[in-house]
Amino acid sequence: MEFIDLNKQYKNHKQKIDQAIQTVLDKSNYIMGDEVKLLEKKLAKYVGAKHCIACANGTDALTLSLMCIDVKKGDAVFVPSFTFFATAETVSYINATPIFVDSDPKTFNMDLDSLEAAIDAVKKEGILNLKAIMPADIFGQPVDYLRLEKIAKKYDMKIIEDGAQGFGGSINGKKVGSFGDLATTSFFPAKPLGCYGDGGAIFTDNDDYEKLLRSFAVHGKGSEKYDNIRIGMNSRLDTIQAAILNVKLNLFKDFELTRRNEIAQRYNEQLKKTVIIPEVPQDYYSSWAQYTIILPNQEVRTKLMEALKNKGIPSVIYYVTPLHLQTAYANHHNYVDLSNSETMANTVLSLPMHPYLTDEEVDFICDTIKEELK
Ligand SMILES: *Cc1c(COP(=O)(O)O)cnc(C)c1O
């Protein structure tokens, strides 16, 4: 059994995917081909944003978004500590200061009370400029953007949605990628919508941002190709990856996202009496980038992982180290208590999750867990 079975997905749709790749090879338009433009249109329509700008990966999508709103040295950007490294790394990379915020163990997402406490503390200190909030839709579940937008407005801050894991999720039908001033996603192969290498995209309704992002992503280009009017970077999505994504987006819309939700339901039903299962609030829809349970403590988790492994079931700890405890941030100043993130790191466990898992496989995983923890 695979944790995320990309090979099964490919084998199921080999003909369509091979055909899409072959078309690009036949045309040999490897950079900025028609497939990229088509994908941007389809993605923007799907998430309900005015613009989609494809780029090289989800990390660049965050960096470009920060550049677009002119985040710089002296600016504070509020990020969760319980996330993938890139959410904070990109802030540090452009010489601004990430401010770590604690997370809610129920949703795994940024705790907005902790966020307000962090904002107040930074404001009181009076050194950093309150610039932006960059939450991540952890494990596929959207952050509470309704409340977050109120907080951002109150302090006149921008929101960048890190939707690397959330693509396909929604709140009341409003999709991930349409929240905040800018939203990003990643097409890393293991994400809900993945390509066959690296890829990413940025979404925005703002026409000025769109122009800026297209310039920043191609060496700060002006209206002509060799007229460079600002310092940018080289961050484009390959035509081959766009062609693959055009096929995979259809599969994602037609059944993969629904199947992910069916699998999560099946896990929930069978595991709810045995472990703490992920909570999805009413009106929220998750893309289930991960299906993550919480165990009583680290010892129980280690034993369970071992029992699963003995039955050939892979499981992974996302995230084993919260960002404020990473070596790179060892000397970083924190403004709020981050103990929920630490407890989560010690007790979470992600189970196999991909749309090609069979009901029998899910049942086998659940039976193994119930047997071990009874
Ligand atoms: C995967 C991920 C990223 C980075 O995406 P890449 O395409 O790997 O650069 C950023 N943020 C979060 C929350 C992620 O899960």
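Thresholds applied
- Residues numbered from 1 in each chain as written.
- Predicted model: local features only at pLDDT ≥ 70, side-chain atom pairs only at ≥ 80, totals over all residues.
- Heavy atoms only, no water.
- Axes fitted to C-alpha atoms, helices over the stretch in contact; angles between N-to-C directions.
- Helix = DSSP H or I, 4+ residues; strand = E, 2+ residues; numbered from the N terminus.
- Parallel < 35°, antiparallel > 145°, perpendicular 65-115°, else oblique.
- Left-handed = near helix turned anticlockwise from the far one by under 90°.
- Contact = heavy atoms within 4.5 Å.
- Nonpolar A, V, L, I, M, F, W, Y, C, P; charged D, E, K, R; others polar.
- Near = heavy atom within 4 Å.
- Polar contact = N/O pair within 3.5 Å; in protein donor to acceptor, adjacent residues only side chain to side chain.
- Areas by Shrake-Rupley, 256 points an atom, 1.4 Å probe, with all protein chains shown as cover.
- Buried < 20%, exposed > 50% of the residue type's maximum accessible area, 1.4 Å probe, protein only.

Chemist: So, the packing of helix H3 (residues 34-47) against helix H9 (residues 239-271): which residues are in play, and what are the values?
Modeler: Their axes nearest at 8 Å, the elements H3 and H9 cross at an angle of 30°. With respect to each other, H3 and H9 are oriented roughly parallel. Taken as a pair, H3 and H9 cross one another with a handedness that is left-handed. Contact residues: H3 offers Glu35, Val36, Leu38, Leu39, Lys42, Leu43 and Tyr46, while H9 offers Thr239, Ala242, Ala243, Leu245, Asn246, Leu249, Asn250, Phe252, Lys253 and Leu257. Class assignment of the residues belonging to the contact of H3 with H9 gives a composition of 11 nonpolar, three polar and three charged.

Chemist: Just give me the short version of the site of the ligand, but keep the residues and values in it.
Modeler: Residues in contact with the ligand amount to 13 residues; listed here are only the nearest, Gly58, Thr59, Asp162, Ser186 and Lys191. Note that an oxygen atom of the ligand is positioned 2.7 Å from one of the backbone N or O atoms of glycine 58. One of the side-chain nitrogen or oxygen atoms of lysine 191 is found 2.6 Å away from an oxygen atom of the ligand. Protein coverage of the free-state accessible area of the ligand, which is 380 Å², stands at 92%. Within the shell around the ligand, the residues separate by chemical class into three nonpolar, eight polar and two charged.

Chemist: An account of unusual backbone geometry is needed here, citing residue identities and associated values.
Modeler: At the junction of tyrosine 318 and tyrosine 319, the peptide bond is cis and its omega measures out at 5° in the coordinates. Looking at the element boundaries, tyrosine 319 is found in the loop between helix H10 (298-310) and helix H11 (339-347). With a phi close to 55°, serine 28 is a non-glycine residue in the positive phi region. For serine 28, the location among the structural elements is in the loop between helix H2 (14-27) and H3. A residue is classified by how much of its surface remains accessible, and serine 28, at 41% relative accessible area, is partly exposed. Backbone geometry at aspartate 156 places phi at a positive 55°, although glycine is not the residue there. Here aspartate 156 is to be found in the loop between helix H7 (145-154) and strand S5 (158-162).

Keep in mind these values describe shape, not function.
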